[in-house]
Structure formats: C-alpha cells, structure tokens
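# A structural walkthrough
Chain by chain, the residues:
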Amino acid sequence: ETFKLEKTGRMGKTKDDPKREKKTDETPEMKGTKRKGKDGNKREVKRGKDKKIAMPTSGEIHDWTNEEFDSVFVEQIWQEGFFKDLKQTMILELGNYLTYLWNHYNPEESSTEHVMSIMAMVNEKFREGVPAWDVFRGREEDFSKMFGKILSVEITYPLATLITVFLINCFQSLEEDMVREECMKLVSPGLWVSVSQERRNREFKLQPRAAKIWERFQKSDKSKTNRHYIPAFLDLYLATLDSLTASHVTKPSPDALLKIEFCERAVELMLDLVSQVPTRRFFLLLLRDKHVVLRSSQAPLYTTDTPRKLFLQLVLMLRFFEGFEVDTYTGDSLDEDQIANRQADQVRDLQKLVFEHFYDTPLKEIALSNISAVGTPDALLTYLRRLPDHHLRSLAHHLSLLPENSNHPPAMITHIITNEFEKRMSQLEAVNNMPVYPTEDILWDDNVIPSDEYTGEHCLALPKLNLQFLSLYDYLYRNFDLYRLESAYEIRGDIEDAVARCNARIDPSGNQGKGSTTFTGWSRMALPISEFHIESVGKSLLGENHPSEVTGRISYDVSNCKGRLRDEWDSLKLHDVLFLVTLRPLLHLGQPAQDTLPFCQQYGVHSVRGCEVHQLLDEKNKVIKDQEHEVATPAGTLRTLRVWLDPSQYKIDMETKEEDVYGSFNLLVRRRPKENNFKAVLETIRELMNTNTAVPEWLHDTFLGYGNPKEANIASHKEYLDYVDTFLHVDHLKACFPEAKIKWLNAKGHATSDAASLQPPFKLQFPEKSKDGSEGSLTVLAYEPINAGPYPQDIPKKNAVPFTPTQVKGITSGMNTGLTLIVGPPGTGKTDVAVQIISNWYHNFPQQRTLLVTHSNQALNQLFEKLIQLDIDERHLLRLGHGNELLETSKDFSKMGRVNLVLERRLLKLKEVERLGKSLGFQADVAYTCETAEHFYLSHVKEVWDRYLSQVSNNCQAAARLFPFKNFFSDVGELFPGKSGEEDLAIAQGCWVHLDRLFSELREARAFELLRNPYDRANFLLTKQAKIVAMTCTHAAIKRKELIQLGFQYDNLLMEEAGQILEIETFIPMLLQKEDMGKSKLKRVVLIGDHHQLPPIVKNIAFQKYSHLDQSLFTRLIRLGVPTVQLDSQGRARPSIAQLYNWRYSHLGNLPVTSSSHFTKANPGFAFDYQMVDVADYNGKGEMTPGPHFYQNLGEAEYLVAVYMYMRLLGYPADKITILTTYNGQKELLRDVITSRCSHPFFGKPKKISTVDRYQGQQNDYVLLSLVRTKGVGHIRDVRRLVVAMSRARLGLYVFCRKNLFSNCFELTPAFSKFLQRPTQLQLVQDEGYPCSRTVDAPTHPFPVEDVIHMGRLVEQMQQSLADQMQAEKPAEAVPVPQPPALTQEKKNTSQNGKEEEEEES
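This structure is a prediction, so every number in the text was calculated from the model and none was measured.

Reading the values: the criteria
Residues numbered from 1 in each chain as written. Predicted model: local features only at pLDDT ≥ 70, side-chain atom pairs only at ≥ 80, totals over all residues. Heavy atoms only, no water. Helix = DSSP H or I, 4+ residues; strand = E, 2+ residues; numbered from the N terminus. Expected span 1.5 Å × (residues − 1). Buried < 20%, exposed > 50% of the residue type's maximum accessible area, 1.4 Å probe, protein only. Phe/Tyr/Trp six-rings, centres within 6.5 Å; stacked < 30°, edge-to-face > 60°. Pairing = 2+ DSSP bridges. Axes fitted to C-alpha atoms, helices over the stretch in contact; angles between N-to-C directions. Contact = heavy atoms within 4.5 Å. Salt bridge = Lys/Arg side-chain N within 4 Å of Asp/Glu carboxyl O. Patch = residues over 30% accessible without salt bridge, like charges linked within 9 Å, V, L, I, M, F, W, Y side chains within 5 Å. Areas by Shrake-Rupley, 256 points an atom, 1.4 Å probe, with all protein chains shown as cover. Lys, Arg positive; Asp, Glu negative; His and termini not counted. Charge placed at Lys NZ, Arg CZ, Asp CG, Glu CD.

A word on helix H10 (residues 229–243). Under the 1.5 Å per step criterion, the end-to-end length of H10 is 21 Å for 15 residues, consistent within 8% with the ideal 21 Å. A large share of H10 lies buried, amounting to 11 of its 15 residues. Tyr-229, Ile-230, Pro-231, Ala-232, Phe-233, Leu-234, Leu-236, Tyr-237, Leu-238, Thr-240 and Leu-241 are the residues of H10 that are buried.

Okay, unusual backbone geometry next. The linkage connecting Pro-760 with the following residue, Pro-761, adopts the cis geometry, with an omega of 10°. Within the element layout of this structure, Pro-761 appears in the loop between strand E16 (742–745) and strand E17 (762–765). Phi angles above zero are rare outside glycine, and Asn-96 is one such case at about 65°. In this fold, Asn-96 is placed in the loop between helix H2 (86–94) and helix H3 (97–103). Taking relative accessible area as the criterion, Asn-96 reaches 2% and is therefore assigned buried. For His-1147, which is not a glycine, the phi torsion comes out positive at approximately 60°.

Turning to the packing of aromatic side chains, a few remarks are in order. Under the defined criterion, the tally for this structure stands at 69 aromatic pairs. Between Tyr-157 and Phe-262 the ring centres are 5.9 Å apart and the planes differ by 55°, which places this aromatic pair in the tilted class. Highlighted residues: Tyr-157 in helix H6 (residues 157–171) and Phe-262 in helix H12 (residues 254–274), separated in sequence by 105 residues. Residue Tyr-157 is classed as buried on the basis of its relative accessible area of 2%. For Phe-262, a relative accessible area of 0% gives the class buried. Consider the rings of Phe-469 and Tyr-475, whose centres lie 5.0 Å apart with planes at 85°: the pair is edge-to-face. The same class applies to Phe-469 and to Tyr-475, which are both buried.

Pairing between sheet strands relies on hydrogen bonds along the backbone, with the strands arranged either parallel or antiparallel. If you walk across this open sheet you meet the five strands as E28-E34-E33-E31-E32, and the pairing is parallel. Sheet topology places strand E28 (1170–1174) and strand E32 (1248–1251) at the edges, where each strand pairs with a single neighbour. Across the sheet, the axes of successive neighbouring strands diverge by a mean angle of 20°, strand direction being ignored. Two strands pair when backbone bridges link them, and E28 and strand E34 (residues 1289–1297) are joined in this way by five bridges, in the parallel orientation. Considered in E34, the bridge of Asp-1174 is made with Cys-1297. Relative to the sheet, helix H46 (residues 1194–1210) contacts E28, strand E31 (1217–1221), strand E33 (1260–1266) and E34, its axis offset from that of E33 by approximately 155°.

Within the structure shown, the criterion is met by 81 salt bridges. With a closest N to O distance of 3.9 Å, Glu-687 and Arg-1040 form a salt bridge. Residue Glu-687 is located in helix H29 (residues 678–689), and its partner Arg-1040 is located in helix H40 (residues 1033–1046); the two are separated by 353 residues in the primary sequence. Owing to a relative accessible area of 6%, Arg-1040 belongs among the buried residues under this scheme. Here Arg-898 makes a salt bridge to Glu-874, at a shortest N to O gap of 3.8 Å. In this pair, Arg-898 is assigned in helix H35 (residues 895–919) and Glu-874 in the loop between helix H34 (857–867) and strand E21 (877–879), connecting sequence segments 24 residues apart. Grouping residues by exposure puts Arg-898 and Glu-874 together as buried. Through salt bridges with shared partners, a single network forms among Glu-93, Glu-124, Lys-125, Arg-127, Glu-128, Arg-1277 and Glu-1307.

Together, Asp-335, Glu-336, Asp-337 and Glu-429 give the surface a local cluster of negative charge. Mapped onto the secondary structure, Asp-337 falls in helix H17 (residues 336–357). By relative accessible area, Asp-337 is classed as exposed at 57%.

So this is what it looks like as structure tokens:
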C-alpha cells in the first residue's frame, strides 16, 4: 500500500505505484568512478534543443554550480530513480547539485520532483558528514515553503523513508534557527488534539503543568502549527507494521524490505523525539496514547526470529527512552523513591477504580491486595484473564487507556493494561548489572558494532550524542554505552588479529584420536591456554543479584617466547585486562582458509570472556609481579595467572548457557597497555551514574542543552582583577582596550590624567552595562608590587608576550566565574593565553587550586614548559601520569620528583635558618627540624621584626641603621644605598618578605617530617600543597576513584585541546572531587580548542557518523550558542600560507612577527612558498589498495621523496622538514621509500613521517603533503582535516595530488582555488642553497619539473655533481655516491584483518 499526505498533513490511501523500483544493494565505494566518462552504458538527457549532458551513471563528476537550469532534466533525474542508487547520488552531490537545485528553486513554480531532489541531496550531505544547511541561509521564507511542500507530497514507501530520514536530520539540527522553527511546528501542544480526551484529562490531572500548557495553546494561534502530521505519521507506521506478516519477515520481498526499512527509520525518528526534552514533553503523550511501543513489540517484525534483529533492538531502545526516569515537563531527574511513589499511586488508583466499578468481578481481589502484590505483570495477568471481554474493555476505558469503542483484541488490551501498571527494573540497576567486558554476542553483531563498511544508508540500534540530553544520567548512560561499544570494536580488531595469526586447526590425532585444537601459527599478543578453572565464587552482597567475586586460574607455557617477548608476558601486572577465547575450528590440518565465511565461522570463535589480572605466578608458585613483590628471574617456563572474572557475566552465563563456557578456553589474548584502560574508564562512568553528580549551577542547564547559554560566564563588576604581568606597559594596555573609556588611578588610588607615568602591574575594574546598553569607564589601578627580596632569585619572572586585544579578552573571560570557551585557530597563541590565565588565577586567588587537563602528553608538556617561565613557585606545580620524562627540563615534576624537591629544599632552608640564628646571636640549634624553625620564627624572628617596625614607623630615616638582619644579608653587598628613608624601608620590607617566604616554605615542609612513607608524602603533596595539578584527560578518567578517596579538591579547571577530547573525557575532569553540601566547588572552567580542526579520534566510522561520538563537548557548547572568544591573529605561518586556511575563521589576521625577515625570505630552490604539484599516474597506476582502507600512491611517494632529497642536497636541515599524508597506507609506503632511497647518511630521515590526523598540534618549517587519492576525494573532504593539513607548515607547503580531482571538490574550493593561481608543475630555482637571501616576492626564472621521472633524474644529477665535487676536494678518500635504488613497490598491508596499524607516538 502507499499513502498520501495531504496539505493538512493527514494521510490517506492512494493507488499502488507501478513505477516502484527495487532498492539497489550496490556498495557505495566509488572505486570505479572515472573522471572522463569512459563507461559505454552512459545515459544522456537532452537539454534544450541540441545540448546533452552525461547522467550520473557515467561516473563523470560534473560541476553543476553555473549550469543553466533545466526543469525537465531535474524531473527526469528523479523519475529515473537516480536517488535510489547511492553511487549516482554521491556523484550528483560531489558536483554541487544541491546548490544548483536551490539556486533555481521557486516556491510557486518548482515541481515536486525538484523539491524531492533537494530533500534527497540534503540527506546525502548528512550521510557524507558535510554541512548541509549553509546553502539555505538568506532564504528562510523559501525554506519554510519547501519544508511544507515536502510534508504534503504523495508518497510511496521508498519516498516515505526518504522523508523520514529528512525529518531525522532536521531534528538533529535544532541549533539552526530556520530548521528549528519548522520542526517545532510539528511537535507542539497541538499533538494533544489527537490524544483521546480521557487520556488527556487523566494526564492533566496527574501533571498540572501539562494542563497549563494546554490552556495556553488553546488561546494561541493554532495556524502556526502542523498538529496533524506526526499523528498521521504514526498511523502510517502502525498500518505498515500491521501489514507485515511473519512470512514477509522471514522471506522478505522487495516491497516488504522497503516497508521494513521505513519501520526502522520511523522508530529512529521516534527515538529522537523522545530523547530531547523540547520534543518529548509534547510527543510522549501521543506515543503512549497510541500504544506504539507495545504494538511494535507484539508485531511479527518484532517477534519473528530472524537474523535481522535491528527492528527489535530499536524498539527496545524506544521502550527504554519512553520509560526514562525523568519528569517529562520539568526535565528533572526522578530518584528511586519518586519512581516507587509514582508506581504506587498508579496501583492505588487502580484499586480505587476496581473497588468502585468492578467490585463484583474477579478483579475484587485487586482492591483488597497490597500494592506490591498487584504491581507485577504475572499477578495482574492472572486477574485480567478471568475477566469477560466487555469488562476488560470497560476497565481499559475507565483507566483512560483506550476509547470505549476500541476494536483491539482482548490479548492486546490485556497487554496494554499490564504494561501500564507493571513495575519495571530500575535503569540504574540494569546498568549496574551490565557486564563490562564484551562477549562474542556483542563483538560480532553488526547491528551493535557495525563493520568498517558502514555507509550511513541504514539506521543502527545505537544512542546518539546530539545537542540536548534529558538529564545527567541520560548523558552518562549514552556515553557509557557508546564508549563501551567503541572499546569493544577495538577489542574485536585485536582479537581477530591474534586469532587469525594463531590459525587454529583440528588435529584428528589429538585427544586420543577424538581430535583436538592445535595452533599452526603464532601471535605476539596470544598464547595457548594449558588449563583454566574457576577457583572461587563469592556470595552475593546485600542488594545485589550476582556473585560478589569470581576468581579463575589460568595456566600457560612461555617456552616459545624468547627475550623481550617473554619479558612482555612476565610484565603482566595487577588490573591488566586479558581475554579468554574458545576456538573450535572447522578446518583440519592442511586445509586452506575459507575467506568467504564470516570471521567467527572461519576461525571457529565460540566464546570470548574478559578477565582482570590478580597475580602472576611462576613454576614454583612464587609471585612474579604485583604491587609489593617482583621476582628478578621467574622459575621455569610454566606460568599461572590468578584472575578476576566479571560477576555479572558469570551470572548470565550460568542462567542462559546450556554448556559450561568456562571449561573450554584455549587461547589467552592480551592487548597493548596504552589501549587497554577501557575498563577503568567504564567503571568511572558507572560510578558517576551511581552518585549524586554535582555540576555547578551556572553550568548545569547549559551542559544539558537548555537555558540561556550566555549566562554561563558571570563577569565581576565590583572587584578589581589583578592582571599581574599581562600588560607590558601602559601603551600595551591602551591598545588592548581601544574603544574603552579608561579612568586611571595611581598607586595611591588617586585619579590621574598622566597615564604615561604609570607602570605595570595593573588592576582592572570593569563597568556594568546600564539599562540603555551604554557602558561606564574602565578603571585601571597601577600599584607598586612588593619588594620580593634582595637576591637575584627573588626577582619575579615576567611575561614577555605582547598579548593582542582578543587574547586579553580571553584572559579576562577566564578570570570571571563560570564557563569560558576560547577558540584558537592555528598559530594564534592559545598556549600563551592558557598559561597567562593560570598565572593570573595563581596570583589573584592564592588559596584556590587549579586543575590543568590536556588531551596529549605533548600539549601538557608544552604548557608546563611555559608555566615554569612565569612567576609561579615551582614547588606548587605537579604533573601526574606518564610523559614527565619528555619535558625539556632537568626538573622532575612527578609526585616523587616533587617530594624529593621538597626534602632537598627543606635541608637548604634549614641551613638558612641556622645562619639566621647565628646572625642574631642564638647559640641553640634553632634549625634541627621544621618545628623548631617555626618556634624560632614565632618567638624570636617575628618579635624582632615587629619591634623594628614600631621603631621606624615614625622615623623611616633610621630604617637602614636599625635593620636587625644586616648580618644575615651581608652576602648581598651594599644592602641600603641610602638615597632616602622610604627606599631603605622598602628594601627592609623586601628582606622581610624573603625571610617570611623562607619560614612559610618550611611550614609547608613540616608535614614531610611527620609522614615517613613516600606514598603518604606524595598524596599529601597532591591534596594539600600543589596549587597547579596537571594531567591528561585519560589519566583523570582512570584515577578518579583514587583522587576522590584521597580528598583531592580544586577550584578552577582549564582544558587545552578541548576540541580533540571526547565528551565524557571532558566531563569527568569536572567531577574529580566530592561535592560540598550537594554543590560543586568548581568556580571556573576554561575550555580552549578549535572546532574547525579535527575532532576526537573514533575508530569505528558508524559511531562517528551515526552516533556522533566524535563530537567534543567544546563543539557541542559552540553549537548551543555559548559565547566564544576567537583569537584573531596568527604568528605561525607566512601570511600567504595562512590564506590557505584563514577563510575558515572570521577575521583571522597576522601578528607583526610574520613581517620579520624569517618569514619574508624565499625558500631556496623553490619559486613559490606553497604550491600544488599535479601528479599523473605512475607506471599506469594512481591510487592502490593492497588491503581494505589501506590507500597508497607510489607516484606521489616517489615524487615527494625526490623533492625531499632535493631539499637535503640544497642544504635544508632534515629536522626542518616533515612529510605528511592523509592515509596510513601511504605513510608506510613513504617510510619504505625513504629507507630505500635515503640510506646514505647525507640524506637522513625527515623529522617526522606521519598522517595529518596524528600531526595535529605540531608544526614544522617545511611540509611535503601527499593526498594519495585519484578515484575519489576521500576524507580530506572533511574541511576540518583540510584546515589541519594546510596549517602545519610555517615557511613552505608543497602538496602532491591529482589536480582535477581535488580542485573540483566544492568543500575544498577556498583553499585549492589559491593553489590554482599558481602553476601545477613544480617550479624550481637553480643555483641556490640553504639559506638564501632572495625574498619571496623577488622575480625569478623558474625551472618547471615535468613529472616524477624528471625530478628523479634531476636529483640523480645533483648527487653525482656533489660526489664529484667532494672527490675533487679529497682525492685520497673514496666518496660513496648515494644512488637511487630500483623503483619501490607498494607496501602490502601485513595485518591479518586488513586494518591499518596505529602509529606508536607519545
């Protein structure tokens, strides 16, 4: 059947569509796409009288931007079904077909086919993950009319699916004003018109807030809403669902497949509507009134047992969110008591109803029973099955569940009633009982963990991370689920790799002729298990339904592991996660592998279970390694592991598995430690779900996606903010506030007009805005900094960075209470801004503590290296986690390093106290301990100083003569110059500051005398003494429980690289401390990042595209409209190179440093500072794929390496050159070619050969970039990746690619249009060496390079010339001439599962 949506939004039947076509199953990869249209089956359509244009089936990508509009052509494209073929749709979208359609859209004249084509192209944009709404901006009224026309077209099932997908995309884009306006017309209180009056009245009685909403709606203009579309859509869904029988599900026809796909997408749309508060509050009542979830769970599509489980999983998710524990109208979370009270009230109302109307029926016992006896489905079913049909229908009507004339069968009515009153398991209880380790049922279920081939054509049973969340629990639940599945995807890859390498086979002669499993291969990460058995099963704890602990014992042999490999296996430590695998291969020894079978069948994977290391024992049962023991040389080769198993999984296995899963494990798999911390992170998230998570009030609503995002930053207008060394001088301050009216105050607080005489530091007080929007004067107070002491080391370090006005704006915002977002484009000094914010916090709020978090160790080290250059006492700095050894300083900022520093400084300071005592004439040992030093300070030193102050209070001229500590400071030289009494007194006060700081440091070190254990000392340092604590986001997630137990506290949080950190890994660092009286102690949060660069790394493409797991909190807050400070001046790259990416930012200019000679000198040997080099096929080949997703291009690799050799021959330092590519396959090939061609020591290797993604956050003077692809643009089409690629070079960028492919891509046009202004053949300048005096704009006589062969010959000639020159200078020595070897062949992918191996980088 097909349905028609009339203009009112109501649906009615129409005739069958005879033109319905079967949906294609063709894969979307454009591997065969050709640029010149060589396909002999090309279809063409006449345009005008004579002109013809190739249809998309030819594979030709045609740029539609400036084409003359032809409505007949557009209609034929639609009617011929091109949008049913994904490959053809991709070709149209790549040709900018959407812009062509929208530019010629006329609300009055455009056909339905035209409108549907626009809708289809929007869907394709979303599928590809590129911006879709930009083209519509400026024509919001036309967009509204187009949206209405989409909802009123005559549709078939394929079209119904397309429209549903379009609505899904719209409801996922509510931050777009024009989209939100149209969507909210569909989901409004008007939906309740379609709810039965009885159900509506019952809801209003239970929820007075809903009654008020309905009352306001009744008085409003109802013409602004489309209240019938969603109800009609649900009717269409239910009718479609009812039309699918069990035979349709088990053996689906093409038409049945279309209906199934529509039902799946419809459930996805309903999920989106119930998982956001603005739509949920109106849609949920309609969903329940129509009993959609229950009717879906009773349909054959749900109940029929088939391999296609997607619909079932989607309905279970819909059921979960329908009953989500949140108040629908307020958005407040419901605790267990509130839920129990609501359920009890429902049952009590049922009992009253039965007592009043059905007392003489079999339901009489319900009225007399206790609530708990009625609240179970089985008990209620027992009573309901005794009722006659008419009583059953009457009961449903009295309960406002069904209209009086309902035609539902009795069985359905019974289910509807029981579903309304049954007591459901708490969602928190369900999460707590969920196993942490993935099993084989999850690992190889493509609906749960999609394969690498996911294209976005179909929906998935996965939660989504979008703009809004129902509650903090909802936020944590979705992130928990997705993080668990992303971890499982990575685990699956590791297990598949290990299992494939081990290559299990059946040995018929084994096990006394019964056959046994033997391993014919070998893997570094897996070993055969000799024996496994369960050691103990602990009794359940109170309130839990699973064992408290399950321990197992694993035996294995390491005799085949030698040297470093055995050390790796013997290095297994406490809490390391391992996986136990049962393999039952189908193939016997000698039989070849069957690659056509699914992985589990091919290798016989029967079961997978995770475990955690408790103890590792050697052959003599001695502990090899744990927290307290470590055996130098383990005995023998037999090893025993005692492990903890997952109690929840064990319970499930005992209840559901017919055989003993734990008696058959035969393979032990380990993972690299760096990637194996998922369990700790998941347990942290689950622990957060079980506690009352306190988020600051100023952040809570914004975090969940509601409220006014502009209220997240609270500016202070009453207090002065000390900017310390932020401003270098008065003129610098004026330049930072060019439009402000400034009121100047001198050090005495008196107003002055002589601003030039004032010297930093300055304190600033900002004016409040008046009601008319005008601002008052900015008050600037210049103050005299205290004299810090007479010694050179007492002089405070000062900032030397001349911050720009925008940078100062970011620093100011960071000093305010609340949330600050700073967008830092490449090279704009965001690290300097972060360091200055921390320094200002340190000086303005000396009693507060700061937490510094970054994504990578490298970024953390960069921040630390700049922090120690400012006026921050290094004893207050602490760095947690690994990576401290990479700091470019001899100082150790780890916990033990800081403890050692405190102890060393304690001894030095005590010697100073001893010297002070002798200078004052004390013979007693006043510096034996910190305690005696403190006693000496309080009873003598302080008394001496107070007496001195009273003596000079009215006679400062005697300050030098009466100073009591002259002997102690005698090593300074002439302490008092004698210019004036006031100056002498200031010097004396500086000396006292030095002494006071001496005793203050000893006071802090006193605890280290009392604490004798290094562990206790380190924890005291962390929780009490350190003022600035730094760690990575991963370390924060892993160590949260430990930090909470230690009582760690902090007031300010700054996160660098926030755009690269996962949502949950950004949220956890906000919750590393206990709440204070139910409130968070957090006062300031500063997130610094760049959402225009690459997002967090998510390996599974489905979790990226469908679930948006790669969306950072930083990006989401920007989408929500939280105000940002965008740094607007870059100083990294030449201005010409910066033009390749500054179009992505508003008003990104250049710092004055870019005009220095360093940036104006030309690149020796090159005519241009940046250039795109067109690389043709090499030996008849372009891109190659030796393995799936393992792209290589030998021509580009050879060309790029030849240019690198050319640069080295000219004298370029190797550490100034970086080679980048967009694919790991090309990275491996480039490394091979470099190794082969640059084996001579003269060339060496470049500083880095890496992928663009891995190189984010780093830069170099010269970058050679290979884009690899020749058949399709690939993922460089993501503008964020393009920005990263273009912004890594400071002085020279040379891009090797296929010109026609990349220059025709719409998204890349802003950058590549600049490349095309220059020749696409590499232009060299002869007779130059590094460095050169030529400027960038100086005229040259360039020498064009024709191709890679030409470049290779040129390099060979230069090599020979250099060798001849060296030989002439040193004739007695034989000078080896580096010769280019034979052409390098493409590198094959060596991994068993065809996936690229991740690069090891710190």
